[in-house]
Each structure stands twice: as structure tokens, then as C-alpha cells.
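Structure at a glance
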Amino acid sequence: MIGDVTYTDMLGGRVTFTQTTDSTVRMTGQFNDGFDDPNARCLLYVGDLPPADHLDVTINPPGTSAFEHDYEDVTINDFTDVPIRIIADNEVIAVGDPTVPV
């Protein structure tokens, strides 16, 4: 349903998913810990979904700037009760607890 939200806290920050249309979920977030290399490529894997295309996460050690991405052809159910993996330069730096609905 539009307006439904799920989130997880990790790396000193939070990643939130909000159903914005019937088939779009917006991810927003920021991390405050866990990043050493400002030039690393950062990928976020949510459950079994492929990493967000064109997600531009700016790393400012020890964290990141705020980021957002719209996933299309999905619902909030695709993002609820699933873990998030953070990979920087091909190395898993964190696996978060499963997301929880608000």
C-alpha cells in the first residue's frame, strides 16, 4: 500500500524503503561507520534483488553521504523481512538484520 515503510539500522545509520506508487519503492539511507576508502565502489543488495542500478553512494570515511534510489516494478513486500548486504570494492563490509515494517 502506498506509504508503507520498512527499514533496518546498520553501520551507524539507517536504510528506509517506502512504497511511493503501486509499483515503486524508494530507498533512502546514510551510513555513519564502516567505510575506509573514499574511492571504493559501493553496492547494496536487498534480499534477492540485484543491486540498485546507478546508485551513487559517496563515501566520506567513516561513512557515506545520504543516498536514494527508486526500485521499479516492486512492492514493499519485496523489501520487508529481508537482509541488506553492503559490498565495497568486492568485499562484504556488513550484513544487516532483516528489515522491519513500521
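Residues numbered from 1 in each chain as written. Predicted model: local features only at pLDDT ≥ 70, side-chain atom pairs only at ≥ 80, totals over all residues. Heavy atoms only, no water.

Focus on the pattern of salt bridges
- If you walk through the whole model with that rule in mind, you get three salt bridges.
- When the shortest N-O distance is used, the salt bridge between Arg26 and Glu68 registers 3.9 Å. Separated by 42 residues along the polypeptide, Arg26 in strand 3 (residues 24–30) and Glu68 in strand 7 (residues 67–72) bring together distant segments of the chain.
- When its relative accessible area of 51% is taken as the criterion, Glu68 is described as exposed.
- Ionic contacts of the salt-bridge type, sharing partners, join the residues Arg26, Glu68 and Asp70 into one network. (Salt bridge = Lys/Arg side-chain N within 4 Å of Asp/Glu carboxyl O. Helix = DSSP H or I, 4+ residues; strand = E, 2+ residues; numbered from the N terminus. Buried < 20%, exposed > 50% of the residue type's maximum accessible area, 1.4 Å probe, protein only.)

So, the packing of aromatic side chains
- Taken as a whole, this structure holds four aromatic pairs when the rule is applied.
- Judged by centre distance (4.9 Å) and plane angle (25°), the rings of Phe17 and Phe79 are stacked. Here the residue Phe17 occupies a position in strand 2 (residues 13–21), and Phe79 occupies one in the loop between strand 7 and strand 8 (84–88), the gap between them amounting to 62 residues. Here the two residues Phe17 and Phe79 agree in accessibility, since each one is buried.
- Aromatic rings pair up to connect Phe17, Tyr71 and Phe79 into one cluster. (Phe/Tyr/Trp six-rings, centres within 6.5 Å; stacked < 30°, edge-to-face > 60°.)

Things to note about the sheet that holds strand 8
- As summarised here, the arrangement of the three strands in space is 4-8-9, forming an open sheet in which the pairing is antiparallel. In this open sheet, the two strands that pair with only one neighbour each are strand 4 (42–46) and strand 9 (91–95). Each strand axis lies, on average, 25° off the axis of its neighbour in the sheet, ignoring direction.
- Bridge analysis of strand 4 against strand 8 gives five bridges, and the strand direction is antiparallel. (Pairing = 2+ DSSP bridges. Axes fitted to C-alpha atoms, helices over the stretch in contact; angles between N-to-C directions.)

Digging into the pairing of strand 1 (residues 5–10)
- Residues of strand 1 alternate between two faces, with Thr6, Thr8 and Met10 buried on one and Val5, Tyr7 and Asp9 left unburied on the opposite face.
- In this sheet, strand 2 lies alongside strand 1 in antiparallel orientation, the contact comprising six bridges. Paired with Tyr7 across the two strands is Thr16, which belongs to strand 2.
- Taking the residues that link successive antiparallel strands as the turn, the strand 1-strand 2 hairpin has two residues, and the phi of Leu11 there is positive, at about 50°.
- Pairing of strand 1 with strand 10 (residues 100–101) involves two bridges; the strand directions are antiparallel. Residue Thr6 lies in a different strand from strand 10, and its bridge partner there is Pro101.

Some words on the pairing of strand 4
- Across the five residues that make up strand 4, a large majority, five, are buried.
- With burial as the criterion, each face of strand 4 is covered, one bearing Cys42, Leu44 and Val46 and the other bearing Leu43 and Tyr45.

Quick look at the sheet that holds strand 3
- Overall, antiparallel pairing links the five strands, which are arranged 7-3-2-1-10 in an open sheet. Pairing within the sheet leaves two strands with one partner each, and these edge strands are strand 7 and strand 10.

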